[in-house]
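# Close look at the chain arrangement
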Amino acid sequence: MEALPAALPATRRVALLGVGTVGRALLDRLADHAEPRLSLQWVANSRRHVHAPQGLSPLACAAALAEGGAHDGGGALPADFGPGDIVIDATASAELAAWHPRWLRQGLHVVSANKLGLGGPLLRQHEIAQLANAQRRYGDAATVGAGLPLLATLRGLRAGGDRIGAIVGVLSGTLAWLFDGYDGREPFSDRVRAAVAQGYAEPDPRVDLSGEDVRRKLLILARAAGYPLESEEVRVDSLLTPRLQAATPDAVDGALQDLDGPIGERAARAARDGRVLRYVARFDAAGARVGLETLVPDDPLAVGRGCDNRVAIWSTRYRDRPLQIQGPGAGAEVTAAALLDDLLRILA
Ligand SMILES: NC(=O)C1=CN([C@@H]2O[C@H](COP(=O)(O)OP(=O)(O)OC[C@H]3O[C@@H](n4cnc5c(N)ncnc54)[C@H](O)[C@@H]3O)[C@@H](O)[C@H]2O)C=CC1
Ligand SMILES: N[C@@H](CC=O)C(=O)O
């Protein structure tokens, strides 16, 4: 008897929104991990889009996009995208984050590096949590710790019956990198420009420097830990000066030097006292807050190097000594790897 032909794997259409630092690294990773079940058909940045129903080679996307049609920055996808297909949000767009629940309602899987889905308004996080299920998954591994197993660990602990008591950590790769070894001798603004060049910072580095990026990550973690925090419940200690905060996007670079005096002096003082500065996020019985702290150099929160994140979790089983997770918390490659992990989990 003739053998039956093996069933062809179902192919999912994929849309990639955002082809910047992270989006480009994801395209490289997709090119390295040729996956026949994924068909990249819609790619867009804030100004242009490409629609290719026959599928696009990841390596051809950048050139195709340069010649692509106009894009309005919205989240509407081609009409043939439907249940089971996948949309990847590799932008920092508030407009697109508002589409996350809409995409899930359309039956699409969503994979996001954009923290404004789960770390924006509580109502949106709640909608996403209600809508996501095995048929329309929400991949969020890249949103905190650039893929470090933070969210998976919190969910695993809760699934095992633990109550999460506290979460404390360094959650910004950019701020970790800026303060690692900084003693105030070099202009802080030069370091900020270097962090931007390394691809660690947000599209607007003020989102890092204001503590807003850390606030979003702490909200994502606290909400995953079972605490429905409103954004305003996190007290935020911003590093921005009023002029830098008010600067138009074109004037940000020039206004960065405003930070050299206040932050340089604080770092020099800490160094003289044998201390270091770290931007720390805390969620515990006293509430949620993020801000710059002066620590002894061997404080567990100060021992990470470079863009390392380091997070301590207290829970029912880790009551006396916390569970600690550390590793690079920003950068194109680790973040793209986390997005691909989420994509592959959808296929599994
Ligand atoms: N850079 C990193 O280390 C990490 C970044 N992320 C997140 O990844 C996201 C992207 O970050 P980067 O790639 O560094 O930023 P980027 O500025 O390099 O790239 C952003 C891309 O999004 C596009 N874009 C903006 N608005 C859009 C819209 N409405 N529609 C379509 N495209 C739009 C821009 O044109 C650009 O291509 C951000 O949400 C960031 O927080 C998460 C973890 C780590
Ligand atoms: N700008 C962010 C990027 C990762 O989330 C950071 O520096 O941590």
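Our structure is the block above this text.
Residues numbered from 1 in each chain as written. Chains lettered and ligands numbered in written order. Predicted model: local features only at pLDDT ≥ 70, side-chain atom pairs only at ≥ 80, totals over all residues. Heavy atoms only, no water.

## Some words on the pattern of salt bridges
Taken as a whole, this structure holds 21 salt bridges when the rule is applied. Salt-bridge contacts for Asp85 lead to Arg13; the nearest nitrogen and oxygen are separated by 3.1 Å. Taken together, the residues Asp85 in the loop between strand E4 (69–70) and strand E5 (86–89) and Arg13 in strand E1 (residues 12–17) connect sequence positions 72 residues apart. Between Arg289 and Asp284 there is a salt bridge, with its nearest N and O atoms 2.8 Å apart. The partly exposed category is assigned to Arg289, whose relative accessible area is 21%. The class of Asp284 is partly exposed, set by a relative accessible area of 22%. Here the residues in one salt-bridge network are Lys115, Glu202, Asp213 and Lys217, joined through shared partners. (Salt bridge = Lys/Arg side-chain N within 4 Å of Asp/Glu carboxyl O. Helix = DSSP H or I, 4+ residues; strand = E, 2+ residues; numbered from the N terminus. Buried < 20%, exposed > 50% of the residue type's maximum accessible area, 1.4 Å probe, protein only.)

## Some details on the nonpolar core
Among the nonpolar cores identified, the biggest contains 69 residues, and Trp103, Leu178, Phe179, Phe188 and Leu209 are the most heavily contacted of them. Examining the composition of this core, we find that 7 residues originate from one element, helix H10 (residues 212–224), more than from any other. Here this core gathers at least three residues from each of two domains, domain 1 (12–146 + 333–347) and domain 2 (151–329). Those residues within four positions of Phe188 in sequence are excluded, and the remaining contacts are Leu178, Phe179, Tyr182, Leu209, Leu259, Asp260 and Ile263. With 30 residues, the next largest nonpolar core counts Val14, Val19, Ala90 and Leu347 among its residues. (Core = buried A, V, L, I, M, F, W, Y, C linked by side-chain atoms within 4.5 Å. Domains from an automatic or database assignment. Contact = heavy atoms within 4.5 Å.)

## Observations regarding helix H5 (residues 122–131)
Regarding H5, the residues found buried are Leu122, Arg124, Gln125, Ile128 and Leu131. Where H5 is buried, its residues meet helix H3 (94–97), helix H4 (100–105), strand E7 (138–139) and H10.

## Quick word on the sheet that holds E5
The 7 strands lie next to each other as E4-E3-E2-E1-E5-E6-E7, forming an open sheet whose pairing is mixed. Both edges of this open sheet fall to E4 and E7, since each of them pairs with a single strand only. Against the sheet, helix H1 (residues 21–32) makes contact with E1, strand E2 (38–44) and E5, and its axis sits at roughly 150 degrees relative to E1, the strand it touches most. (Pairing = 2+ DSSP bridges. Axes fitted to C-alpha atoms, helices over the stretch in contact; angles between N-to-C directions.)

## Observations concerning the packing of helix H6 (residues 151–159) against H10
Between H6 and H10, the shortest axis-to-axis distance is 9 Å and the interhelical angle comes to 20 degrees. If you check the angle between H6 and H10, you find them roughly parallel. The crossing of H6 and H10 is right-handed. Along the contact surface, H6 presents Leu151, Leu154, Arg155 and Arg158, while H10 presents Ile220, Leu221 and Ala224. Within the contact of H6 with H10, the residues separate by chemical class into 5 nonpolar, no polar and 2 charged. (Parallel < 35°, antiparallel > 145°, perpendicular 65-115°, else oblique. Left-handed = near helix turned anticlockwise from the far one by under 90°. Nonpolar A, V, L, I, M, F, W, Y, C, P; charged D, E, K, R; others polar.)

## Topic: empty space enclosed by the protein
The final tally for this structure, using the stated rule, is 1 cavity of 30 Å³ or more. Considering the residues around the largest cavity, the lining is formed by Val170, Ala176, Arg278, Leu301, Gly304, Arg305, Gly306, Asp308, Asn309 and Arg310. Ranked by residues supplied to the lining of the largest cavity, first place goes to strand E12 (residues 308–315) with 3 residues. Within the lining of the largest cavity, the residues separate by chemical class into 3 nonpolar, 3 polar and 4 charged. (1 Å grid on protein atoms, 1.4 Å probe; cavity = no way out; pocket = protein on both sides within 12 Å on 5 of 7 lines; lining within 4 Å. Points joined across faces, edges and corners; volume = space filled by probe spheres on them.)

## Concerning helix H13 (residues 260–272)
The first and last C-alpha atoms of H13 sit 17 Å apart over 13 residues, in line with the 18 Å expected at 1.5 Å per residue. Listed as buried for H13 are Ile263, Gly264, Ala267 and Ala270. Down the axis of H13, the smallest arc covering the buried residues is 125 degrees, so these residues share one side. Exposed side chains of H13 directed beyond 90 degrees from the buried face belong to Glu265 and Arg272. On its buried side, H13 packs onto helix H7 (173–179), helix H8 (188–197), strand E10 (276–284) and strand E11 (287–295). Note on H13: the residue one or two positions beyond its end, Gly274, has a positive phi of about 70 degrees. (Expected span 1.5 Å × (residues − 1). Arc of directions from axis to C-beta.)

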